[in-house]
Amino acid sequence: MSMAGMSLKVEYDGAASDENNQTNQAVKKRISSIKKTIVPQEQVTAYINPSNCVNCGTCREICPTNAITENQRIICHGCPVCTEKPGISPQKMEELTTSTSCTVECPLGVAPQGYIGLTRAGKYEEAYNLIWSKNPLPSVCGSICHHPCEDGCKRGILVDYPIDIRGIKKYLSQKVNVPVKKYNVLYDENVAVIGAGPAGLTAAHYLSLAGYKVTVFESSAEAGGMLKRCVPEFRLKREDVDRDISKLQEAGLEIRLDYRIDRFTLEQLKDEYDAIIVATGTPNSKELKIPGSRLAGVMGAINFMEHVNHGMELYRHLGQVFEFKNGEAVIIGGGSVAMDVARTAKRIGASKVTVVCLEEGEAVPAHPWELEEVLEEGIELIEGYSPQEYTTDVFPHLTGVKFAKVKSMGKNDEGNFEVVIDSDNTIEIKADWVVVSIGQSADAWWKDQKDDNIFFAGDIASNKCSVVDAMAIGRKTAIEVDAAIQGRRVKNPMDEHELVMADVMEKIFPYNRRKTVRPKTPMLDAAARVNNFDEVEGTYNDYEINQEVLSCLRCGYEVVDQEKCIACGMCQVHCPMGNVITMVVKEGGDE
Amino acid sequence: MKRQVVVVGAGPGGSSAAFHLAKKGLDVLLIDKENWPREKVCGDAYQASLYPIFKDMGIYEEMESQLLSTVRIIQMVGPGEEVADFRTEHAEWLIPRRIGDDIIRRGAIRTGVDFMEGFEATELIIKKGQVKGIRGIYNNQDMTVEADLVIIANGSHSLLARQVGIFNNDPSSYLFAIRGYWDGVENMVEGTSCWIYDPDFMPGDRELCNKYAFQPMWIGPLNDEATKASVGCCVSEGLLRAHNMSIDQYFNYWLEHSKIAKKYLGNAHCADGMKGWRLPNSREILKNYAPGCMVIGDAASCPDPCYYYGVAPAMYGGKLCADVAEKAFRDNDFSEEKLSEFHVKLGELFNPAWKQYVSIRDNIVGDREAYRDLIRFAKEKPEYPNIDFGATFGEYMAVVLKKNEGKFEYGSQLTGNEE
């Protein structure tokens with residue numbers, strides 16, 4: 001079957017969609033059987049059984065006439081019998097129904113309800129393949145995705161807790177070990193992707209699915225980018241990254257390691273390849289421009305994580321040499337990376353770890369669950385202070401950091417970020433070493449590389465820095481490259497994904513649905529985890545996963561517009577559930 | 001497990017069906033997902049027309065011993081909060097549903113019905129378009145019961161009824177209701193239940209009120225001194241949507257703005273919070289059968305279209321479906337045609353009255369003048385002989401609203417003499 005059609009539906013200007021012999025034969029056979037046994041094809045339409053449909057979206061994306069739309073069931077919330085939370089008015093319920101769903105929240109466009117439904121039906125392999133067709137790194141996302149899909153879960157918004165979609169993905173990625181489908185090379189054009197991080201691999205995956213020959217160039221000795229260099233092992237096991245990457249290689253993706261691209265090799269690539277995707281990310285830590293930033297004891301977050309991940313205890317960087325394993329550590333910054341750094345510092349033996357950030361309360365950029373875990377591990381968090389100076393007694397050894405209370409911060413009239421401090425209110429924190437985790441920057445020389453064939457993807461192209469956002473930009477770039485090479489209109493199928501309110505007959509009464517018996521995601525205790533790099537968050541077992549998938553409300557299902565349906569049977573052939581789509585006689589047609 | 005009949009849901013409707021089926025000598029299994037006695041959110045009224053069935057089942061005395069109060073006066077509050085007392089012999093008993101439904105269920109079990117509680121039916125077994133039994137969960141295990149006939153009586157949220165396409169999807173009859181038990185009620189007269197149908201109060205214009213029917217607030221006394229009461233309201237989804245309010249907001253709006261609410265509930269408080277449920281209703285008895293199954297009670301949207309009494313249609317439905325089932329077993333024919341008799345019979349019993357109710361809904365609710373006429377009329381002629389309040393009120397209305405060449409006229413018939 002044509003994976004290209006499934007994953008990258010870019011509309012042609014008047015041209016027909018991709019063809020595949022196998023599919024066509026199946027379709028022809030089906031149509032001829034319909035012709036023989038029932039009625040003329042014009043009077044036949046596809047019918048999707050709403051009670052069996054798992055809303056994976058495969059048929060919607062494959063449909064050549066865009067006859068299929070996603071319907072969202074209203075969740076009855078008019079009276080308190082269905083829920084403990086206060087009722088909301090039916091009008092607001094309608095707005096919510098047509099705007100929110102796990103299937104539209106995922107930046108990559110994976111349909112969580114689809115793989116939850118397939119898991120419920122026991123179709124683990126189909127569920128894994130559904131994820132893999134959109135997301136080349138299921139294990140990685142199963143561990144560290146910040147799961148925007150769960151924010152869109154109506155069960156979480158209206159009833160009790162969202163379905164643990166990430167936990168289900170993690171279970172599937174570890175449980176299912178099926179050989180993935182090989183990429184089919186359909187086109188003569190080839191594409192180079194620079195950087196084997198999440199964005200680069202995603203772009204390469206999508207272009208390979210679309211039928212291009214793709215080569216990935218990676219400067220370091222192993223693929224994975226920041227997943228290997230920066231994300232600590234207690235959040236993401238290295239074997240999970242390797243599993244995903246080996247699947248990509250198994251499917252036929254070529255990754256050239258230890259291959260650094262500079263100005264000269266880039267010129268060569270321009271000659272050899274039809275398009276180049278730059279997904280080099282942001283490999284350099286930003287430095288704090290305050291007095292003493294060259295003292296021995298000050299380091300950037302990425303350098304620090306790289307040193308730890310390679311088992312080093314001595315920090316060497318541009319004239320700074322010092323041991324960083326023991327002593328008191330101060331982490332500057334309030335983002336997810338700062339939290340990872342702090343927890344790593346605790347694990348390698350720092351006697352005291354303090355995180356200091358500019359923001360206060362809700363504004364702290366790290367996710368709430370990260371802050372919770374940080375505090376559990378006995379790390380101190382000081383909010384609302386701005387670093388002023390690194391102090392030293394015996395040059396060049398660091399002894400502490402001076403901070404001043406933040407009065408206000410934000411963009412000033414010129415549009416620059418500005419922090420106003422209260423210089424009377426200062427504190428000094430003793431520090432044997434400091435990790436600065438205030439953001440990352442890209443290699444500067446890429447800025448000059450402007451060419452029609454060069455596309456930027458990932459962190460280098462965006463300010464969002466989570467894994468799944470980087471992958472989403474990789475996907476978007478892949479679509480742009482495909483469109484540029486083929487001369488098509490750029491059309492992102494995700495932008496066209498609309499939710500339609502379902503008939504009142506399909507209304508869901510949460511009262512009828514299974515009560516949540518949500519098994520808590522297995523986690524290591526704070527005491528058991530602070531001394532080692534064991535993975536903190538565990539995986540559900542078979543029983544727990546069953547409980548979890550059964551509590552899905554199943555808000556969405558696909559519906560065929562009979563006017564547009566041409567009864568080609570494509571949806572029926574591709575449906576992973578198998579028993580959902582049937583060909584029926586149109587309403588009002590001759591019987 | 002194989003049975004002749006399985007009845008899903010042991011509320012009044014299901015219990016009545018099980019009782020009447022067992023009396024005809026059939027092998028009946030009654031199942032319910034709750035553990036009994038169970039809580040049921042409702043207006044707590046058992047109307048007078050049910051007494052014959054209670055007597056048949058031999059539970060009349062037991063029910064009577066549990067009643068909290070007998071309602072003899074229905075106080076109607078109309079536009080501008082004008083009040084009229086409708087006195088009747090006997091309107092309804094107020095018994096908490098938790099107790100009353102349990103008595104009815106035990107009455108059914110005494111006749112030899114097998115009962116399984118904590119058995120949640122999740123889907124119908126349908127083979128070749130014919131219902132052949134149910135699947136469900138009992139003690140956390142999957143359980144299958146095969147049966148020749150399935151009676152679906154598991155309430156307004158029934159998934160089984162929807163599986164055979166029985167679901168009233170007319171949005172104008174889609175109601176929600178909330179009820180709470182209030183302490184410290186003042187100024188209520190003993191034996192008086194207060195119904196407030198006030199088009200002036202409704203936060204909407206006449207057109208909306210016409211469209212979305214009678215939607216009363218009620219205060220029903222729960223003890224002889226009438227210091228405790230069940231207070232509630234029902235409102236259609238359409239009206240809530242028109243005002244972008246939730247039912248809580250709607251009810252609170254009434255509490256704040258209504259003089260009647262201030263009079264009776266000024267110093268009262270709600271003991272354990274307002275609880276709610278979905279209140280289906282229909283303009284006439286809808287299709288309530290499918291091959292191999294019959295649907296009774298709230299699952300078939302049986303509460304009437306004006307007072308939203310659901311217990312009587314459910315229990316009479318149980319009685320009539322047993323008659324139909326007996327014939328079906330005699331002929332060993334469970335086809336749709338055979339069971340359609342149930343729809344006809346129940347329709348004969350309820351449709352004439354409901355037709356009157358609908359005419360009230362359609363003609364008077366938004367029409368303040370007509371409403372005032374009715375109140376005035378009630379003040380002049382206060383005694384009411386008929387035992388069933390719902391029916392008498394319908395007759396009352398028929399006098400006031402006289403059909404004349406396709407149009408309703410009112411005002412001239414205040415003498416009360418029908419031609």
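Only a predicted model underlies this, so the values are computations on that prediction, with no experimental measurement involved.

A word on the overall build of chain B. If you tally the helices and strands in chain B, you get 13 helices and 20 strands. By residue count, 59% of the 419 residues in chain B fall in the buried class. Considering only residue pairs separated by 6 or more positions, chain B has 73% of its internal contacts joining residues 24 or more positions apart. When the accessible surface of chain B is totalled, it reaches about 16,200 Å², and 45% of it is carbon and sulfur.

On to the overall build of chain A, then. Within chain A, the secondary structure is distributed over 22 helices and 22 strands. For 591 residues, the compact-globule estimate of 2.2 N^0.38 gives 25 Å, and chain A sits close to it at 26 Å. By its C-alpha atoms, chain A is 95 × 65 × 50 Å across when sized along the principal axes. Within chain A, the proportion of its 591 residues that are buried is 55%. Put simply, of all contacts in chain A between residues at least 6 apart along the chain, 75% involve residues at least 24 apart. When the accessible surface of chain A is summed, it comes to about 25,700 Å², and 48% of that surface belongs to carbon and sulfur atoms. In chain A, the 65 positive side-chain charges and the 85 negative ones have mean positions that sit 4 Å from each other.

On to the environment of Leu288 of chain A. Residues and elements named next belong to chain A. With respect to the secondary-structure elements, Leu288 resides in the loop between strand E7 (284-285) and strand E8 (298-300). Note on Leu288: relative accessible area 15%, which makes it buried. The residues touching Leu288, leaving out its near neighbours within four places in the chain, are Ser293, Ile332, Pro387, Tyr390, Val436 and Ile438.

Time to look at helix H12 (residues 198-210) of chain A. Residues separated by three or four positions in an α-helix point in the same direction, a consequence of the helix having 3.6 residues per turn. Taking 1.5 Å per residue as the helical rise, H12 of chain A with its 13 residues ought to reach 18 Å, and the 18 Å between its terminal C-alpha atoms agrees with that figure. Of all 13 residues in H12 of chain A, 13 are buried, a share of seventy percent or more.

Applying the stated criterion to the full structure yields 0 disulfides over all chains. You can see Cys565 of chain A has no disulfide; the closest cysteine sulfur is in Cys571 of chain A, sitting 6.3 Å from it.

Moving on to the sheet that holds strand E3 (residues 190-194) of chain A. Residues and elements named next belong to chain A. Sheet architecture is open: 5 strands sit in the order E5-E4-E3-E6-E19, paired in parallel fashion. This sheet does not close on itself; its edge strands, each paired only once, are strand E5 (254-256) and strand E19 (454-456). Recorded for the sheet is a direction-independent mean angle of 20° between the axes of neighbouring strands. Across 4 bridges, the pairing between E3 and strand E6 (residues 275-278) is parallel. Across the sheet, the residue bridging to Val193 is Ile277, located in E6. Running at roughly 160° to E19, helix H19 (residues 467-486) makes contact with E3, E6 and E19 of the sheet.

Now for the sheet that holds strand E14 (residues 385-392) of chain A. Strand pairing in a sheet relies on backbone hydrogen bonds. The paired strands run either parallel or antiparallel. Residue and element names in this part refer to chain A. The 3 strands are arranged E14-E15-E16 in an open sheet whose pairing can be described as antiparallel. Only two strands of the sheet have a single neighbouring strand rather than two, namely E14 and strand E16 (417-430). Averaged over all pairs of adjacent strands, the angle between strand axes in this sheet comes to 25°, irrespective of strand direction. In terms of strand pairing, strand E15 (residues 398-411) meets E16 through 11 bridges, oriented antiparallel. Bridge pairing in E16 links Lys405 to Asp422.

Contact with chain A, which involves 23 residues of that partner, is made by 26 residues of chain B. The junction of chain A with chain B conceals about 2,100 Å² of combined surface from both sides, 56% of it contributed by carbon and sulfur atoms. Broken down residue by residue, the surface that chain A buries against chain B is led by Pro90, Met505 and Phe509 of chain A, which jointly contribute 26%. At the junction of chain A with chain B, the criterion picks out 0 salt bridges. Of the residues in the side of chain A that touches chain B, the class split is 12 nonpolar, 5 polar and 6 charged.

This brings us to the nonpolar core. Judged by nonpolar contacts, the single largest core of 98 residues is most densely connected at Phe54, Ile134, Ile151 and Met294 of chain B. Looking at which element gives the most residues to this core, the answer is helix H10 (residues 311-331) of chain B, with 11 residues. If we ignore the near neighbours within four places in the chain, the residues touching Ile151 of chain B are Val5, Val6, Val7, Val8, Ala17, Leu21, Met294, Ile296 and Cys321 of chain B. Among the nonpolar cores identified, the runner-up in size contains 89 residues, and Ile48, Val54, Ala251 and Ile255 of chain A belong to it.

This part is about the packing of helix H16 (residues 301-309) of chain A against helix H17 (residues 336-348) of chain A. All names here are of chain A. Two elements in contact, H16 and H17, have axes whose closest approach is 11 Å; the angle formed by their N-to-C orientations is 40°. One finds that H16 runs oblique with respect to H17. Handedness of the crossing formed by H16 with H17: left-handed. Across the interface between the two elements, Ala301, Phe304, Met305 and Val308 of H16 pack against Val337, Val341, Thr344, Ala345 and Ile348 of H17.

Two side chains bearing opposite charge may form a pair once their charged atoms approach each other closely. Residue and element names in this part refer to chain A. Applying the stated rule across the entire model yields 46 salt bridges over all chains. In this structure, the salt-bridge partner of Arg60 is Glu70, at a minimum N-O distance of 3.3 Å. With Arg60 in helix H3 (residues 58-62) and Glu70 in strand E2 (residues 68-72), this residue pair connects regions lying 10 residues apart in the sequence. Each member of the pair, Arg60 as well as Glu70, carries the same accessibility label: buried. With a shortest N-O distance of 3.1 Å, Asp240 and Arg243 are connected by a salt bridge. Here Arg243 and Asp240 lie together in helix H14 (residues 238-251), a separation of 3 residues that amounts to about one turn. Via salt bridges that share partners, Arg343, Arg347, Glu373, Glu376, Glu377 and Arg529 belong to a single interconnected network.

For the rest of this paragraph, the subject is the packing of H17 of chain A against helix H18 (residues 368-376) of chain A. Residue and element names in this part refer to chain A. Orientation of H17 relative to H18, taken along the N-to-C sense of each, is 20°, at an axis distance of 10 Å. With respect to their mutual orientation, H17 and H18 come out roughly parallel. H18 is crossed by H17, and the crossing has left-handed handedness. Within the contact between the two elements, H17 uses Ser336, Met339 and Arg343 and H18 uses Glu370, Leu371, Glu373 and Val374. When grouped by side-chain class, the residues that make up the contact of H17 with H18 number 3 nonpolar, 1 polar and 3 charged.

Right, let's talk about the packing of aromatic side chains for a bit. In this description, an aromatic ring pair is defined by two values, namely the gap between the centres and the angle between the planes. Per the counting criterion, the structure on display carries 22 aromatic pairs over all chains. For the ring pair Phe217 of chain A and Tyr273 of chain A, a centre distance of 6.0 Å and an interplane angle of 85° mean the geometry is edge-to-face. Within this pair, whereas Phe217 of chain A is found in strand E4 (residues 213-217), its partner Tyr273 of chain A is found in the loop between helix H15 (263-272) and E6, the two being separated by 56 residues in sequence. Arranged with centres 5.9 Å apart and planes meeting at 70°, the rings of Phe324 of chain A and Trp433 of chain A form a pair that is edge-to-face. Taken together, the positions of Phe324 of chain A in the loop between strand E10 (320-323) and strand E11 (328-332) and Trp433 of chain A in strand E17 (residues 433-436) put the pair 109 residues apart, joining distant regions of the chain. Of the residues examined, Phe324 of chain A reaches a relative accessible area of 2% and is grouped as buried. In this structure an aromatic cluster arises from ring pairing among Tyr46, Tyr51, Phe54, Tyr60 and Trp93 of chain B. Its end group placed over the ring of Phe167 of chain B, Arg162 of chain B keeps NZ or CZ at 5.2 Å from the ring centre. Over the face of the ring belonging to Tyr289 of chain B we find Lys287 of chain B, whose NZ or CZ atom lies 5.3 Å from the ring centre.

About the criteria used
- Starting afresh in each chain, residues are numbered from 1 along the sequence in its written order.
- Lettering of chains starts at A and numbering of ligands starts at 1, both following the order in which they are written.
- Since the coordinates come from a predicted model, pLDDT governs what is reported: local features require at least 70, and pairs of side-chain atoms require 80 or more to be given and counted, while whole-chain, interface and lining totals use all residues.
- Excluding hydrogens and water, the side-chain figures rest on all heavy atoms present in the structure.
- Runs of H or I in DSSP of at least four residues are treated as helices and runs of E of at least two as strands, each being numbered from the N terminus.
- Only protein chains enter the accessibility calculation, which uses a 1.4 Å probe; a residue whose area is less than 20% of its type maximum is buried, one above 50% is exposed, and one in between is partly exposed.
- Contacts are assigned to residue pairs with any non-hydrogen atoms lying within 4.5 Å of each other.
- Per-residue accessibility takes into account occlusion by the displayed protein chains alone, with areas from the Shrake-Rupley method and a 1.4 Å probe.
- For a compact globule the rule gives 2.2 Å times the number of residues to the power 0.38, and the radius of gyration it is set against comes from C-alpha atoms.
- A residue counts as positive if it is Lys or Arg and as negative if it is Asp or Glu; His and the chain ends are not included.
- Note that the charge is assigned to NZ on lysines, CZ on arginines, CG on aspartates and CD on glutamates.
- Expected helix span is taken as 1.5 Å per residue step, with the number of steps being one fewer than the number of residues.
- Note on terminology: pairs of cysteine sulfur atoms within 2.5 Å are recorded as disulfides.
- In short, DSSP must find at least two bridges between two strands for them to pair.
- A fitted line through C-alpha atoms represents every axis, and for helices the fit uses only the stretch in contact; the resulting angles, taken between N-to-C directions, go from 0 to 180 degrees.
- Once two parts are joined, some of their accessible surface, as seen by a 1.4 Å probe, is lost; buried area is that loss totalled over both.
- A carboxyl oxygen of Asp or Glu within 4 Å of a side-chain nitrogen of Lys or Arg is what we treat as a salt bridge.
- Think of it as three bins: nonpolar holds Ala, Val, Leu, Ile, Met, Phe, Trp, Tyr, Cys and Pro, charged holds Asp, Glu, Lys and Arg, and polar takes everything else, Gly as well.
- Residues enter a nonpolar core if they are buried and are Ala, Val, Leu, Ile, Met, Phe, Trp, Tyr or Cys, with the set joined through side-chain atoms within 4.5 Å.
- Oblique is the label for any angle not under 35 degrees, not over 145, and not in the 65 to 115 range, which are roughly parallel, roughly antiparallel and roughly perpendicular in turn.
- Two helices that cross are described as forming a left-handed crossing if the nearer one is turned anticlockwise from the farther one by less than a right angle, and a right-handed crossing if clockwise.
- By convention, a stacked pair of Phe, Tyr or Trp rings (six-membered ring in the case of Trp) has centres within 6.5 Å and planes under 30 degrees apart, an edge-to-face pair has planes over 60 apart, and any other such pair is tilted.
- The criterion is that NZ of a Lys, or CZ of an Arg, lies within 6 Å of the ring centre and within 35 degrees of the ring normal, and then a charge sits over that ring.

That's the geometry; what it means functionally is another story.
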